[in-house]
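In case you want the letters, here they are:
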Amino acid sequence: MSRVFDINGVKIGGGNFVLIAGPCTVESEAQIREIAERVKESGAGILRGGAYKGRTSPHDYQGMGEEGIRLLLQARKTVGMPVVTEIVSADHLPQFDDVDIIQVGARNMQNFELLKALGRTDKFILLKRGMSNTLRELLLSAEYITGEGNDKVILCERGIRTFETSTRFTLDLSSAAALREMTDLPVVVDPSHAAGRASLVEPMALAAAATGVDGIMIEVHNDPANALCDSAQALTPDQFDSVARKIRKIREVVIG
Ligand code: PEP
Ligand code: MN
């Protein structure tokens, strides 16, 4: 059983399961508010939305930056749910003062100076597994944070790179299950980035729920076709609602 974290009223770990949902990236006030309202109605406990994006290509959309954080916090106030958003540089830390959970993206899992800086904060940290990193390396990265005094780390499996090219990444569910034997930190699975396309998100989310993980993070957009980032893998709010219902049923089986 993992430890329980109380994230401003939302418990995760130790049998408490949380759905995290929202767009890849915050695009406008109306976009994030509408998505926040919809995912909350469907049972999400935490709202996600990128403001700073660690994109593979410098030519891709890089996010709204500080303004994106402001709009995310505004949506948080409107709907009353904690938020998670990604940090790409320790220089930006002051902008994250009111953010509930700071995400470290897969591409920054071994940015050790960033991890140490986060270890000197009192924020919850969502640490994503690098696409080519072992579980041992993920846990050592977590120790860069905990070693500085911050033990509020949540781990996230988001797909790894394998020889398979027909999916964006390979969702490593056996590792998600193995992590629960290796650490008492809560473990979350992100099927959206692993799948890379919306049609695969539901089956992977349901499979993840069946492994008994502490949370599932899903990208949701009110207009997926026109999403500025990760458009192909975004679920509509209606699709998310349907997945959330099925996840709840699977959780009943898991809890037994
Ligand atoms: C994200 O959560 O939007 C993201 C960029 O994820 P990852 O770092 O896992 O690619
Ligand atoms: Mn994304």
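Use the structure listed above.
Reference entry: report on the structure contained in this document. This structure is a prediction, so every number in the text was calculated from the model and none was measured.

### Some details on the overall build of the protein chain
Now for step 1: A count of helical and extended segments in the protein chain gives eight helices and 10 strands.
Now for step 2: Its C-alpha atoms give the protein chain a radius of gyration of 16 Å, near enough to 18 Å, the size a compact globule of 256 residues would have.
Now for step 3: Projected onto its principal axes, the C-alpha coordinates of the protein chain cover approximately 45 × 40 × 40 Å.
Now for step 4: With 256 residues in all, the protein chain has 55% of them scored as buried.
Now for step 5: A separation threshold of at least 6 residues defines the contact pool for the protein chain, and within that pool the share at least 24 residues apart is 68%.
Now for step 6: Here the protein chain displays about 10,700 Å² of accessible surface, and carbon together with sulfur accounts for 48% of that area.
Now for step 7: Where the 29 positive side-chain charges of the protein chain centre and where its 34 negative ones centre are 2 Å apart.

### Comments concerning the pairing of strand S8 (residues 153-157)
Now for step 1: The element S8 is largely enclosed, with a buried count of five among its five residues.
Now for step 2: Here S8 shows two buried faces, one formed by Val153, Leu155 and Glu157 and the other by Ile154 and Cys156.
Now for step 3: Pairing geometry for strand S7 (residues 124-128) and S8, over four bridges, is parallel. Within S8, the position partnered with Lys128 by the bridge is Cys156.
Now for step 4: This β-α-β element, S7 to helix H4 (residues 135-146) to S8, shows right-handed connectivity.

### So, the layout of surface pockets
Now for step 1: Approximately 280 Å³ is the volume attributed to the largest pocket.
Now for step 2: Around the largest pocket sit 19 residues that line it, and Lys53, Gly54, Glu86, Arg107 and His193 are the ones nearest its centre.
Now for step 3: Split by residue class, the lining of the largest pocket holds three nonpolar, six polar and 10 charged.
Now for step 4: Of the volumes computed, that of the second largest pocket is approximately 160 Å³.

### What to know about unusual backbone geometry
Now for step 1: Positive phi, close to 45°, is recorded for Asn8, a residue that is not glycine.
Now for step 2: With respect to the helices and strands, the residue Asn8 is situated in the loop between strand S1 (5-7) and strand S2 (10-12).

### So, the sheet that holds strand S4 (residues 46-48)
Now for step 1: Ordered by their spatial adjacency, eight strands build a closed barrel running S3-S4-S5-S6-S7-S8-S9-S10, and the pairing between neighbours is parallel. On average, each strand axis in the sheet is tilted by 30° relative to the strand beside it, whichever way the strands run.
Now for step 2: Of the strands in this sheet, strand S3 (18-22) and S4 are in contact with helix H1 (residues 29-41), which crosses S4 at around 150°.

### Focus: the packing of helix H7 (residues 198-210) against helix H8 (residues 237-255)
Now for step 1: The geometry of H7 relative to H8 is characterised by a closest axis approach of 9 Å and an angle of 25° between their N-to-C directions. Accordingly, the angle class assigned to the pair H7 and H8 is roughly parallel. Relative to H8, H7 is oriented so that their crossing is right-handed. Residues Glu202, Ala205, Leu206, Ala209 and Ala210 of H7 lie in contact with H8, whose contacting residues are Ser242, Val243, Lys246, Ile247, Ile250 and Val254.
Now for step 2: Counted by class, the contact of H7 with H8 contains eight nonpolar, one polar and two charged residues.

### Observations regarding the coordination of the manganese ion (ligand 2)
Now for step 1: The protein atoms donating to the manganese ion (ligand 2) are Cys24 (SG), His193 (NE2), Glu219 (OE) and Asp230 (OD), with metal-donor distances spanning 2.0 to 2.4 Å.
Now for step 2: Summarised as a motif, the one-chain spacing of the donors to the manganese ion (ligand 2) is C-x168-H-x25-E-x10-D. A residue pair is termed long-range when its members are at least 10 positions apart, and His193 in helix H6 (residues 191-195) and Glu219 in strand S10 (residues 215-219) qualify at 26 residues.
Now for step 3: When its relative accessible area of 1% is taken as the criterion, Glu219 is described as buried.

### Quick word on the environment of Ala198
Now for step 1: When you line up the elements, Ala198 lands in helix H7.
Now for step 2: Residues Ala198 and Gly147, spaced 51 residues apart in sequence, show a C-alpha to C-alpha distance of 38 Å.
Now for step 3: Beyond its immediate chain neighbours, meaning those up to four positions away, Ala198 contacts Ala232, Gln233, Ala234 and Leu235.

### Quick look at the site of ligand 1
Now for step 1: Within the structure, ligand 1 sits among Cys24, Arg48, Lys53, Glu86, Gln103, Gly105, Ala106, Arg107, Lys128, Arg158, His193 and Glu219.
Now for step 2: A distance of 2.8 Å is found between an oxygen atom of ligand 1 and a side-chain nitrogen or oxygen belonging to Arg48.
Now for step 3: Between ligand 1 and Ala106, the relevant distance is 2.7 Å, taken from an oxygen atom to a main-chain nitrogen or oxygen of the residue.
Now for step 4: Here ligand 1 loses 96% of its free accessible area of 300 Å² to cover by the protein chains.
Now for step 5: Judged by the proximity of its atoms to the pocket grid, ligand 1 belongs to the largest pocket.
Now for step 6: In terms of residue class, the shell around ligand 1 is built from two nonpolar, three polar and seven charged.

Thresholds applied
- Once a new chain begins, its residue numbering starts again from 1 and follows that chain's sequence as written.
- Both sets of labels track the order of writing: A upward for chains, 1 upward for ligands.
- Per-residue local features of the predicted model are confined to residues with pLDDT of at least 70, and side-chain atom pairs are confined, for both listing and counting, to 80 or more; whole-chain, interface and lining totals are unaffected and use all residues.
- Only hydrogens and water are removed before side-chain values are computed, so all heavy atoms of the structure are retained for them.
- Helix and strand assignments follow DSSP, with helices taken as H or I runs no shorter than four residues and strands as E runs no shorter than two, numbered in order from the N terminus.
- Atoms counted for the radius of gyration: C-alpha only. Globule rule: 2.2 Å times residue count to the power 0.38.
- The rule is simple: take the accessible area with a 1.4 Å probe, protein chains only, and divide by the maximum for that residue type; under 20% is buried, over 50% is exposed, in between is partly exposed.
- When checking whether two residues touch, look at their non-hydrogen atoms; a contact exists if any pair is within 4.5 Å.
- Areas reported as accessible are Shrake-Rupley estimates using a 1.4 Å probe. Residue values count occlusion only from the protein chains shown.
- Charged residues are defined here as Lys and Arg on the positive side and Asp and Glu on the negative side; His and the ends of the chain fall outside this count.
- Just so you know, the charge point we use is NZ for Lys, CZ for Arg, CG for Asp and CD for Glu.
- A pair of strands counts as paired when DSSP detects no fewer than two bridges linking them.
- Seen with its strands pointing away from the viewer, a crossover is right-handed when the path leading from the first strand over the helix to the second is clockwise.
- Grid points spaced at 1 Å over the protein atoms alone were grouped into cavities, where a 1.4 Å probe fits but cannot get out, and pockets, open sets with protein on both sides within 12 Å along at least five of seven lines, with lining residues defined by an atom within 4 Å of a point.
- Grid points are joined across faces, edges and corners, and a volume is the space filled by probe spheres set on the points.
- The nonpolar class holds Ala, Val, Leu, Ile, Met, Phe, Trp, Tyr, Cys and Pro. Asp, Glu, Lys and Arg form the charged class, and all remaining residues, Gly among them, are polar.
- Orientation is described by axes fitted as lines to C-alpha atoms, over the contacting stretch for helices, and by angles from 0 to 180 degrees between their N-to-C directions.
- Angle categories: roughly parallel below 35 degrees, roughly antiparallel above 145, roughly perpendicular from 65 to 115, and oblique for all the rest.
- By definition, turning the near helix anticlockwise from the far helix through less than a right angle yields a left-handed crossing, and turning it clockwise yields a right-handed one.
- Any N, O or S atom lying within 2.8 Å of the metal counts as a donor, and for Na, K and Ca the limit rises to 3.2 Å; water is left out, so some sites can look incomplete.
- Here a residue is near a molecule or strand as soon as one of its heavy atoms is found within 4 Å of it.
- N or O atoms within 3.5 Å of each other form a polar contact, as long as, within protein, one can give a hydrogen and the other can take it, and as long as residues adjacent in sequence are counted only when both atoms are side-chain atoms.
- Here the criterion for a molecule occupying a pocket or cavity is that more than half of its atoms lie within 2 Å of the pocket grid points.

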